[in-house]
Amino acid sequence: MEVGQMQRRLVEFTKSLFVEGFLDGQFLQLQQLQDDSNPDFVVEVVSLFFQDSEKLLNDLTSALEQQDVDFKKVDAHVHQLKGSSSSIGAQRVKNACVVFRSFCEEQNLQECMRCLQLVKQEFYLAKNKFETLFTMEQQIVAAGGSIPATEITSF
Amino acid sequence: MLVFNSHGSTRLLLLLMISVAVGVIAICSLVFLIVRTRVREMHLRAALIKQMEATRQAESKSMSKSNAFAQASHDVRASLAGIMGLVDISYDEVSPGSELEKNLKQIEACAKDLMGFLNCILDTSKVEAGKMPLEEEEFDLAQLLEDVVDLYHPVAMRKGVDVILDPNDGTVLKHSLVKGDRGKLKKILSNLLSNAVKFTDDGHISVRAWVQKPSLENTILATRGNSSWKRMMCLLREKNDKDGGDEAVNDFRQNPNSAEFVFEVDDTGKGIPKEMRKSVFENYIQVKETARGQEGTGLGLGIVQSLVRLMGGDIQIRDKDMGERGTCFRFNVFLAPWDAVATKPLEEDPEAGGYGAARHLGLTIRATSPGLSFHSSSTRQVRSPRPEGSPVVLLIQNEERRRTCQSYMEKLGIEVLVVSQWQDLPIILKKIQMKVVNVAYHSSSGKSDRSWRIERLSTSASLSKSCSRVKGVSLGSLDGADHTLPVYKSPSHKDQSGFVLLIIDASAGPFQEIFMAVAEFRKLLPSTQCKVVWLDKPTMRSIDQRAINGKLDPDDIIMSKPFHGTRLLQVIRLLPEFGGLLQKRPSRQLRERAVLNAEATEPLAEETGNTHREKPLNGKRALVVDDSEIMRKLSLCNLSNLGATAQLCENGKEAVQLIREGIDEQRERGVSDIHRPYDYILMDCQMPTMDGYEATRKIRKEEKRYGIHTPIIALTAHSSGAEVKKIFEAGMDFHIEKPVNGVRLMKAISEIQSRGGGV
């Protein structure tokens with residue numbers, strides 16, 4: 001595939017991510033922060049997010065499996081996850097966290113477990129999408145092209 | 001007496017009369033003959049003139065035909081370009097994946113085909129008219145080969161045919177930088193490859209090339225060609241189009257600098273029957289029986305032959321070994337080396353540094369004699385694989401690719417263990433394991449005792465959770481495509497910790513099982529560095545990240561197929577003997593560590609391009625307080641973008657400490673007028689140990705003592721009324737909604753400044 005085609009595919013894919021709600025405006029901000037002095041910023045931040053969040057999800061899973069569930073602790077974890085997902089623009093993950101938190105406040109264990117599953121699902125989906133995105137970018141760069149900037153038209 | 005006299009005179013007279021008559025007859029017949037030949041000559045001359053006239057007319061007709069054709073083709077080309085351009089534009093308007101997009105793609109493909117046919121026909125006519133000048137440009141031959149092979153690889157793979165670039169003996173790599181007509185060479189290769197792809201339904205297509213010193217016989221023939229003998233032969237024979245090329249041929253072969261490059265395109269397809277071998281090169285001939293549903297103008301091979309001859313070589317179909325099917329085209333061209341200094345003839349030892357930029361310091365494959373064909377590997381001098389060298393395990397599905405990789409690596413002296421089926425992988429790994437343990441045991445204890453420590457090691461197949469979770473890095477970070485040869489370095493004694501390289505085709509078997517086998521192998525040899533290169537299809541990944549929970553080792557590399565050319569060289573260079581580094585941690589993690597370590601008490605000197613543009617926060621120092629690493633990183637980046645330097649810390653307690661230290665340090669220096677240690681503080685509200693509110697309160701207390709006030713900006717998730725109240729009550733000046741971005745930051749700061757809080 002030649003560079004122009006790859007770039008087109010990338011733009012289409014990125015647009016679809018916005019349309020489908022995987023990404024929001026914050027991601028654009030991240031992209032804008034990336035420049036020559038910080039060439040891998042987006043990849044780094046996103047990788048950091050996935051690293052941290054995996055741990056959080058594990059902690060959440062074990063916290064909800066306890067005999068006496070400490071909802072405050074669970075809420076704290078979800079809060080953190082919500083914060084970090086919103087900071088990279090992973091909208092769907094963030095929204096799932098919001099729902100999760102409301103059930104934490106109600107201390108509804110059943111619903112919390114369901115929410116955890118939902119969050120995990122969204123998380124892995126997002127991870128997949130990001131990986132595809134980065135792979136495409138790398139292919140373009142490897143072929144000698146440059147990454148086209150995402151234009152902010154109406155979604 | 002009178003009678004006697006008259007008798008004699010009559011006889012004389014009679015004689016005279018006879019001779020005169022004879023003479024007259026002779027003269028008459030001579031005249032007759034002359035007249036006849038004259039007449040004939042005139043007839044012939046007239047006929048000749050007529051013929052010449054006819055030829056001239058025919059030539060001019062053909063010339064005008066070609067001109068008209070060229071003219072028309074310009075227009076056809078323009079229209080085609082118009083169509084393709086419009087299709088291109090339309091892509092942007094169409095919704096991806098729709099029926100319309102599919103149709104557009106097909107239109108584009110048809111237009112491209114049309115262009116191809118047109119060019120084909122044009123080329124033929126150009127070559128025939130002798131109007132195909134040979135261009136000369138400098139280019140990298142190895143790169144060209146790889147590009148062409150990679151170009152046809154996806155199309156062939158769709159049919160299930162692998163296209164392999166066979167490194168052969170590596171001579172092309174050595175003399176890769178050449179001067180010649182790149183475009184024509186590419187056309188020749190493309191033509192041959194597209195034919196091979198068309199006519200092969202399974203198996204493989206190999207492309208290989210090597211360099212030969214033009215043998216003595218060739219040069220003798222060439223010099224002989226210059227003689228008048230050939231000229232005479234030309235007059236008698238029909239004129240053929242070889243004539244124009246002959247001079248070129250002589251030029252090439254006599255140029256002492258140029259080398260003979262031989263190329264082969266070898267496929268396992270339908271083959272060409274012996275009777276048709278000569279005629280396939282004639283224009284418009286297609287091997288009809290095998291051209292089932294194949295389109296084409298039938299011009300391809302004719303053009304190929306003309307082009308090859310134009311470049312001073314020739315093309316032929318080689319006989320394959322018994323029992324092997326398919327066709328093997330072999331052609332040669334003459335190319336001059338590209339190097340300002342390289343005026344040395346080919347006879348010199350190539351290792352002394354003749355051609356181009358290729359490094360010859362290392363291990364290269366020596367040919368036994370220059371004029372020999374390098375095709376069969378049995379006659380070649382091979383370096384025996386060194387026992388201390390790092391072993392390479394090769395698990396590649398395609399047999400031919402496996403063979404070519406193995407033979408090339410072995411020629412470089414690398415020990416290769418071939419795994420033909422994925423089920424054999426654990427067995428081979430065990431073999432290496434035993435060998436490595438042996439070596440380690442040798443070097444550590446010096447005994448030749450064969451007691452292995454394997455019993456101690458666990459054989460559980462489960463992956464421990466402590467495996468680092470960073471995903472495998474794609475191969476963007478290694479060197480760009482340079483075809484310099486891998487340089488062999490003997491492993492120093494320090495590197496005795498061992499290195500094993502696994503090259504594994506991710507689609508060679510069920511990925512999960514292969515991955516587990518590798519992971520197990522890794523665990524059993526903790527001191528050996530095991531680097532794995534996973535070969536994966538770029539379009540349909542076999543590596544399911546979710547199935548293995550993304551637990552690829554950070555040092556692992558995922559490489560896109562096809563595996564040959566520069567990628568093969570890059571992987572070889574991973575070996576310590578060829579310059580690979582025995583590092584344990586990739587540099588990526590190191591960088592992240594550096595950011596984390598910013599929590600030390602020394603302020604982070606994160607100077608950004610202050611000298612470049614005027615940044616709004618130039619020279620300002622900020623303190624970022626947030627428990628989330630991501631937030632810290634984000635804030636840091638935002639601040640540096642705006643020209644500020646930032647100090648990061650994890651919670652309120654650290655923040656207070658930093659403020660205190662900042663003040664103390666000024667006091668120690670004897671500063672009379674203490675100013676605030678930071679220009680701004682970005683404070684997250686929710687943090688463990690000490691949250692933002694309490695930290696602010698403490699900081700304000702501290703500041704009161706010295707009459708300073710640092711603007712503190714709260715980072716909150718919500719901005720409800722109650723929350724905002726809390727913020728201001730604690731003593732913070734402003735709040736920003738998370739997540740942080742440059743716009744929000746600047747808004748807050750300018751607000752603060754307008755209020756007169758900042759300087």
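This text follows the structure it describes.
Below you will find a few notes about this structure. Keep in mind that what you see is a predicted model, and the values were worked out from it rather than measured.

1. Comments concerning the pairing of strand β12 (residues 529–536) of chain B
Residues and elements named next belong to chain B. Burial analysis of β12 places 8 of its 8 residues in the buried class, which makes it a mostly covered element. Burial along β12 is two-sided: Q529, K531, V533 and L535 and C530, V532, W534 and D536, pointing in opposite directions, are all buried. Inspection of the sheet shows strand β11 (residues 499–505) paired to β12 by 7 bridges, in the parallel sense. Looking at β12, one finds that L501 is bridged to K531.

2. Regarding unusual backbone geometry
With phi around 60°, Q107(A) is a residue other than glycine that occupies positive phi space. If you trace the backbone, Q107(A) turns up in the loop between α5 (91–106) and α6 (109–142). You will see that T689(B), though not glycine, has its phi angle at about 65°, which is positive. With respect to the secondary-structure elements, T689(B) resides in the loop between β16 (680–684) and α17 (692–704).

3. Here we look at the packing of α17(B) against helix α18 (residues 721–730) of chain B
Residue and element names in this part refer to chain B. The N-to-C vectors of α17 and α18 enclose an angle of 25°; their axes lie 8 Å apart at closest approach. In terms of orientation, α17 lies roughly parallel with respect to α18. Here α17 contributes Y693, T696, R697 and R700 to the contact with α18, which in turn contributes E723, K726, I727 and A730. Taken together, the residues of the contact of α17 with α18 sort by class into 3 nonpolar, 1 polar and 4 charged.

4. Observations regarding the packing of helix α10 (residues 399–411) of chain B against helix α13 (residues 566–574) of chain B
All names here are of chain B. Taken N-terminus to C-terminus, the directions of α10 and α13 make an angle of 45°; their axes are 12 Å apart at the nearest point. In this view, α10 runs oblique relative to α13, as classed from their interaxial angle. By crossing handedness, the relation of α10 to α13 is classed as right-handed. Listed contacts from α13 to C405, Y408 and M409 of α10 are L568, L569 and I572. A class-by-class count of the residues in the contact of α10 with α13 yields 6 nonpolar, no polar and no charged.

5. Some words on the pattern of salt bridges
When the charged atoms of two side chains lie near each other, side chains of opposite charge can form a pair. A full pass over the atoms with the stated rule returns 36 salt bridges over all chains. With a shortest N-O distance of 2.9 Å, E54(A) and K127(A) are connected by a salt bridge. Here E54(A), found in helix α3 (residues 41–64), pairs with K127(A), found in helix α6; they are 73 residues apart in sequence, far enough to count as distant. Salt-bridge contacts for R325(B) lead to D202(B); the nearest nitrogen and oxygen are separated by 3.1 Å. Taken together, the residues R325(B) in the loop between β6 (315–318) and β7 (328–337) and D202(B) in the loop between α5 (182–199) and β4 (203–212) connect sequence positions 123 residues apart. Residue R325(B) is classed as partly exposed on the basis of its relative accessible area, which comes to 43%. Within this structure, D166(B), R208(B), E264(B), D266(B), K320(B) and R330(B) form a network of salt bridges that share partners.

6. Points about the nonpolar core
Counting 72 residues, the largest nonpolar core has L141(B), L185(B), F263(B), F331(B) and M409(B) as the members making the most contacts within it. In terms of nonpolar packing, the next biggest core, distinct from the first, is built from 51 residues, L30(A), F41(A), L81(A) and I88(A) among them.

7. Looking at the sheet that holds strand β15 (residues 645–649) of chain B
Residues and elements named next belong to chain B. One open sheet accounts for 5 strands, arranged β15-β14-β16-β17-β18; its pairing is parallel. Pairing within the sheet leaves two strands with one partner each, and these edge strands are β15 and β18 (734–737). Between one strand axis and the next, the sheet turns through 20° on average, direction left out of account. Across 4 bridges, the pairing between strand β17 (residues 712–716) and β18 is parallel. Within β18, the residue paired with I713 across the bridge is F734. Packing against the sheet, helix α19 (residues 742–755) makes contact with β16, β17 and β18, and its axis sits at approximately 170° to β18.

Rules of the game
- Residues numbered from 1 in each chain as written.
- Chains lettered and ligands numbered in written order.
- Predicted model: local features only at pLDDT ≥ 70, side-chain atom pairs only at ≥ 80, totals over all residues.
- Heavy atoms only, no water.
- Buried < 20%, exposed > 50% of the residue type's maximum accessible area, 1.4 Å probe, protein only.
- Helix = DSSP H or I, 4+ residues; strand = E, 2+ residues; numbered from the N terminus.
- Pairing = 2+ DSSP bridges.
- Axes fitted to C-alpha atoms, helices over the stretch in contact; angles between N-to-C directions.
- Parallel < 35°, antiparallel > 145°, perpendicular 65-115°, else oblique.
- Contact = heavy atoms within 4.5 Å.
- Nonpolar A, V, L, I, M, F, W, Y, C, P; charged D, E, K, R; others polar.
- Left-handed = near helix turned anticlockwise from the far one by under 90°.
- Salt bridge = Lys/Arg side-chain N within 4 Å of Asp/Glu carboxyl O.
- Core = buried A, V, L, I, M, F, W, Y, C linked by side-chain atoms within 4.5 Å.

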